[in-house]
Amino acid sequence: MKHYKQSDLAQMKDRERARFVNCLSGFKSANVIGTRDRHQQDNLAIVSSVVHLGSNPPFLGFIMRPQSVTRHTWENIEESGVYTINHVGESFFKRAHKTSARYPREQSEFDACDLTPEFMDGFHAPYVAESSLRIGMQLVEIIPIQHNDTALIVGEVRWVDVQEDVVQSDGYIDIEGLGTMTISGLDGYHSTSRAVRLSYAKPDEELRELHINGETKG
């Protein structure tokens, strides 16, 4: 094992430190956030920080980087109050990664990265047609993190569009069956391989291995 002190991190070159620290949290979700401004200009941005914040009401959150440069996604969400979260799949992850480039506001990342914007009736923000799991979100609050000028964007799930046959009878979604990718660090993309589902943990019961549909194995 190699031990890194805080001073060692401080002495790293900027990009080296960014790659190193971004790997520390382990594998992360891969999603692209779809937004539209009041001038009907679409925007798409990849993020690896989407997290579950609660099921009732259904809240998800993600982190936005500092506004030291223009953040079109942040501005569009503040302006319109809605956005979409779209799983990044094996068939288009390279195109999704390209959305991290700094395009001018008048350039849609959908067009630049050869992805298809589509709309749910009455919902202002575009979703990604190529994605197998899309979520319509309503902004709840933006929580500033003062120590590094980032912000936690908190939203409520308004609708979900997902391939029907991957949703199990107990509510479990076979995300692996959708071909959803995961991210390590800033630029490592991975396919997944499920080990097993496990039973609900109780102090006085042994864990049981479950089939994908939630039934006990054996």
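Located above this text is the structure these notes cover.
Residues numbered from 1 in each chain as written. Predicted model: local features only at pLDDT ≥ 70, side-chain atom pairs only at ≥ 80, totals over all residues. Heavy atoms only, no water.

## Details of the sheet that holds strand 12 (residues 188-190)
Next up, step 1: Pairing is antiparallel across the open sheet formed by three strands, whose spatial order is 1-11-12. Lying at the two open borders of the sheet, with one neighbouring strand each, are strand 1 (28-29) and strand 12.
Next up, step 2: One ladder, built from two bridges, connects strand 1 with strand 11 (residues 182-184); its direction is antiparallel. Looking across to strand 11, one finds that Ser29 is bridged to Thr182. (Pairing = 2+ DSSP bridges. Helix = DSSP H or I, 4+ residues; strand = E, 2+ residues; numbered from the N terminus.)

## Description of the nonpolar core
Next up, step 1: Grouped together as the largest cluster of nonpolar side chains are 17 residues, with contacts concentrated most on Ile33, Phe62, Tyr83 and Ile85.
Next up, step 2: Listing elements by their share of this core, those giving two or more residues are strand 5 (58-64), helix 3 (72-80), strand 6 (82-87), strand 9 (133-145) and strand 10 (150-162).
Next up, step 3: Excluding residues that lie within four positions of it along the chain, Ile33 makes contacts with Asn43, Leu44, Ala45, Val47, Phe62, Thr73, Ile77, Tyr83, Thr84 and Ile85.
Next up, step 4: Ranked by size, the runner-up nonpolar core spans 15 residues in total, among them Leu44, Phe110, Met181 and Ile183. (Core = buried A, V, L, I, M, F, W, Y, C linked by side-chain atoms within 4.5 Å. Buried < 20%, exposed > 50% of the residue type's maximum accessible area, 1.4 Å probe, protein only. Contact = heavy atoms within 4.5 Å.)

## Topic: the sheet that holds strand 3 (residues 42-47)
Next up, step 1: Here seven strands make up an open sheet; going across it, the order is 3-2-6-9-10-5-4 and the pairing antiparallel. The open sheet has two edge strands, strand 3 and strand 4 (51-55), and neither has a second partner. When the angles between neighbouring strand axes are averaged without regard to direction, this sheet yields 35°.
Next up, step 2: As defined by bridge partners, strand 9 adjoins strand 10 across 12 bridges and the pair is classed as antiparallel. Looking at the pairing, Ile143 lines up with Leu152 of strand 10.
Next up, step 3: Sheet strands in contact with helix 3 are strand 2 (31-36), strand 3, strand 5, strand 6, strand 9 and strand 10, and its direction is about 50° off that of strand 2. (Axes fitted to C-alpha atoms, helices over the stretch in contact; angles between N-to-C directions.)

## Observations regarding the pattern of salt bridges
Next up, step 1: Here the structure, examined in full by the defined rule, presents eight salt bridges.
Next up, step 2: With a closest N to O distance of 2.8 Å, Asp14 and Arg17 form a salt bridge. Separated by three residues within a single helix, Asp14 and Arg17 lie in helix 2 (residues 14-23), roughly one turn from each other.
Next up, step 3: A residue is classified by how much of its surface remains accessible, and Asp14, at 56% relative accessible area, is exposed.
Next up, step 4: When salt bridges that share partners are traced, they join Asp37, Glu75 and Arg105 into one network. (Salt bridge = Lys/Arg side-chain N within 4 Å of Asp/Glu carboxyl O.)

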